[in-house]
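If you want the building blocks of each chain, they are given just below.
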Amino acid sequence: MPRVTGEWHVVFGAGYSGISSMRHRQQQSRGIDRSLEKKPSAPTICGRISSCDWLPIPTDAGAQSLALLFQLDRSQWLSPEELRAAQVRQLQVLVGEAMRAIPVWKERLGAAGVREGLPLEGDLFTRIPVLTRPTVQQMGEALWNHRLGAAHGGVHRGQTSGSTGMPVRYLQTDVTRLFWRVFTLREHLWQGRDCSGKLSAIRSNVENGRSATWGAATEHVFHTGPGVSLNIREDVAVQLDWLVAEAPQYILTHPSNLRSLLRLAAARDVPLPGLLQVRTFGEMLPVETVDLCRQVWGVGVADVYSSEEVGNIAFQCEEGRYHVQAENVLLEIIDSAGNPLPPGRVGRVVITVLHNLAMPLIRYEIGDYAAFGEACLCGRGLPVLERIAGRQRNMLRLPDGTEHWPSFPEDRWAGIAPIRQLQVVQTAIDRVVLRAVVGRPLTPSEVDALRRIFAEVLCFPHEITVAEVDHIPRPPNAKFEDFVSELG
Ligand SMILES: [Zn+2]
């Protein structure tokens, strides 16, 4: 039966049990007596009047975030049908604005049979053609709303720092930025984070530095501990030394960087005793990395599915399952012919961003593949993603026309040769190259063994070669891909 909440202590209470069990697991793994555990303090609201210590009165900005958070706290327990009905109401607003203000949308939507005021449920919505990334790149500013009302605040330009070098230019508004921050707060609450802890971020687009708080999302809302940041281009050994010196409670980074850190920490036996959880984003999170994190540092990993142009897409609940943030994104999964897919079937992810009226993204194909899952035990009505599979360029294609997302867990190949880092690249329909950063030159028998194992795990009975390289650079967006296809 769905839980009904609406009161802060219920939300916070759910969070504590989450963090408590997380600590319990961490301490169990280290044989620490749980009776010594100190319960984390509640996130306290930032007040603007010093004489109101209890109850604090937030600033206008803080109140705005908290009011939205209060609504999200309720909406997460709506039934799928209720959520869908609310989405359609907002969709109607979005589509109406797109038709009125943006000529290319008027034409595109009109051609699909959409008329102002016509209910957008069912067939009519799915008749709107899917908007691909190349189309967005090509249309550019023609997709921008130059007549947006002042209520949405400032309009801000951005562009994705893609792996492929072809950015998508997009617009944000003060409203979409507010949504980004508030959904981030929701994720903190879902994960029951102890906001008084130190947050360390290792990512791109940051300067090495420190601040008194966790940053924009919690600002004016919750008191937090300090935040420290390090650019992801620093060498992994430097990163690990930095983490030891900073002794954070939380780490934020990409899954591939976490994996490199964990391998080094395991090899050097470097614990992080104060750590409570790692948060990852920006890449697929392999289950092996989650397991490795438990083994090496004794803590769990919470993953976030997001994109620069769309915002937050899905978060993990306390059951570890991904819930679509349906109050801001209407997410569809369709097959190659455009038909909706049932739970369990992997297909193209198509997203409509419900609150970006500056640059409406209606049925936007983000380039990822995923599958819906069945309802979650947590009771939330927000749709579940069972699997986030990756992008088209992460698919291996075979000469017979079939394709799949390859999986090559380290335990299958790591013992064969001293490989520090590996990337598998499909360079032709019948050719795969294993780019390997190695500790010393590989022997012919090691190369043979690698080729045999990879032929098996990739299901690729064609030419596999090994290229020993000094370094595998990260692309401009710092996202590392284990497997890349160059077939286009
Ligand atoms: Zn759940």
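Residues numbered from 1 in each chain as written. Predicted model: local features only at pLDDT ≥ 70, side-chain atom pairs only at ≥ 80, totals over all residues. Heavy atoms only, no water.

**A word on the sheet that holds strand β17 (residues 419–428)**
In a beta sheet, neighbouring strands pair by backbone hydrogen bonds and run either parallel or antiparallel. Heads up, the condition is: Strand pairing follows a simple DSSP-based rule, namely that at least 2 bridges must link the two strands. Only DSSP runs of H or I covering at least 4 residues are called helices, and only runs of E covering at least 2 are called strands; the numbering of each starts at the N terminus. Lines fitted to C-alpha atoms define the axes here, with helix axes fitted over just the stretch in contact, and angles between the N-to-C directions of these axes take values from 0 to 180 degrees. For this analysis, residues touch if any pair of their heavy atoms sits within 4.5 Å.
Strands sit in the order β19-β18-β17-β20 across an open sheet of four strands; the sheet is mixed. The open sheet has two edge strands, β19 (463–469) and β20 (483–485), and neither has a second partner. Across the sheet, the axes of successive neighbouring strands diverge by a mean angle of 20°, strand direction being ignored. Relative to β20, β17 is paired through three bridges, and the arrangement is parallel. Looking across to β20, one finds that Val424 is bridged to Phe483. Running over the sheet, helix α12 (residues 444–457) touches β17, β18 (431–438) and β19 and is turned about 130° from β19.

**Here's the deal with the coordination of the zinc ion**
Heads up, the rule is: Sites may look incomplete because water is not among the atoms; the donors themselves are N, O and S atoms within 2.8 Å of the metal, or within 3.2 Å for Na, K and Ca. Geometry is assigned from the angles between donors: four donors with all angles from 85 to 135 degrees make a tetrahedral site, four or six donors whose opposite pairs exceed 155 degrees while the rest stay between 65 and 115 make square planar or octahedral sites respectively, and everything else is labelled irregular. Only protein chains enter the calculation, and the probe is 1.4 Å; a residue is then buried if its accessible area is under 20% of its type maximum, exposed if over 50%, and partly exposed in between.
Bound to the zinc ion are the protein donor atoms Cys317 (SG), His323 (NE2), Cys376 (SG) and Cys378 (SG), situated 2.1 to 2.3 Å from the metal. Between the four donor atoms coordinating the zinc ion, the angles at the centre fall across 99 to 120°, so the site counts as tetrahedral. Sequence spacing among the residues donating to the zinc ion works out to C-x5-H-x52-C-x1-C. No difference in accessibility class separates Cys317 from His323, as the two residues are buried.

**Considering the sheet that holds strand β7 (residues 277–281)**
Read from one edge of the open sheet, twelve strands run β4-β5-β3-β6-β7-β8-β9-β10-β14-β13-β12-β11, paired in mixed fashion. Strands with a single pairing partner mark the edges of an open sheet, and in this sheet they are β4 (209–211) and β11 (329–334). Adjacent strand axes in the sheet meet at a mean angle of 35°, parallel and antiparallel pairs treated alike. The strands touched by helix α8 (residues 236–246) are β3 (199–203), β4, β5 (227–231) and β6 (250–253); relative to β3, the strand with the most contacts, the crossing angle is about 170°. Across the sheet, helix α9 (residues 255–268) touches β3, β6, β7 and β8 (300–307), and the angle it forms with β7 is around 140°.

**A short note on the environment of Pro273**
Along the chain, Pro273 falls in the loop between α9 and β7. Considering only alpha carbons, one finds Pro273 and Val244, 29 residues apart in sequence, at a separation of 9.1 Å.

**Things to note about the domain arrangement of the protein**
Condition: For the domain bounds, the source is a domain assignment made automatically or taken from a database. For any pair of parts, buried area is found by adding up, for both, the accessible area (1.4 Å probe) each one loses once the two are put together. Just to be clear on terms, a salt bridge is a Lys or Arg side-chain nitrogen sitting within 4 Å of an Asp or Glu carboxyl oxygen. For this analysis, a polar contact is any N or O atom pair within 3.5 Å, provided that within protein one partner can donate a hydrogen and the other can accept it, and provided that sequence-adjacent residues contribute only side-chain to side-chain pairs.
As far as domains go, the protein holds domain 1 (8–81 + 176–392) and domain 2 (395–485). For domain 1 and domain 2, the distance between their C-alpha centres works out to 31 Å. Taken together, the two surfaces of domain 1 and domain 2 that pack against each other cover about 1400 Å², and 41% of this comes from carbon and sulfur. Summed over the three residues of domain 1 that lose the most area to domain 2, namely Arg233, Arg263 and Gln392, the buried surface amounts to 33% of that side. Applying the counting rule to domain 1 against domain 2 returns three salt bridges. In this structure, Arg474 engages Glu283 in a salt bridge whose closest nitrogen and oxygen atoms are separated by 3.7 Å. Taken together, the links from domain 1 to domain 2 amount to six residue pairs in polar contact (both at pLDDT 80 or more). Of all the secondary structure elements, the ones that give two or more residues to the side of domain 1 that touches domain 2 are α9 and β14 (384–391).

**What to know about the pattern of salt bridges**
Counted under the stated rule, the structure contains 23 salt bridges. A salt bridge links Glu116 to Arg100; its shortest N-O distance comes to 2.5 Å. Of this pair, Glu116 sits in the loop between α4 (103–111) and α5 (123–126) while Arg100 sits in helix α3 (residues 80–101); the two residues are 16 residues apart in sequence, bridging distant segments of the chain. You can call Glu116 exposed: its relative accessible area is 52%. Accessibility expressed as a relative area gives 46% for Arg100, which makes it partly exposed. Here Asp482 makes a salt bridge to Arg259, at a shortest N to O gap of 2.7 Å. Note that Asp482 is positioned in the loop between β19 and β20 and Arg259 in helix α9, a separation of 223 residues in sequence. By relative accessible area, Asp482 is classed as partly exposed at 25%.

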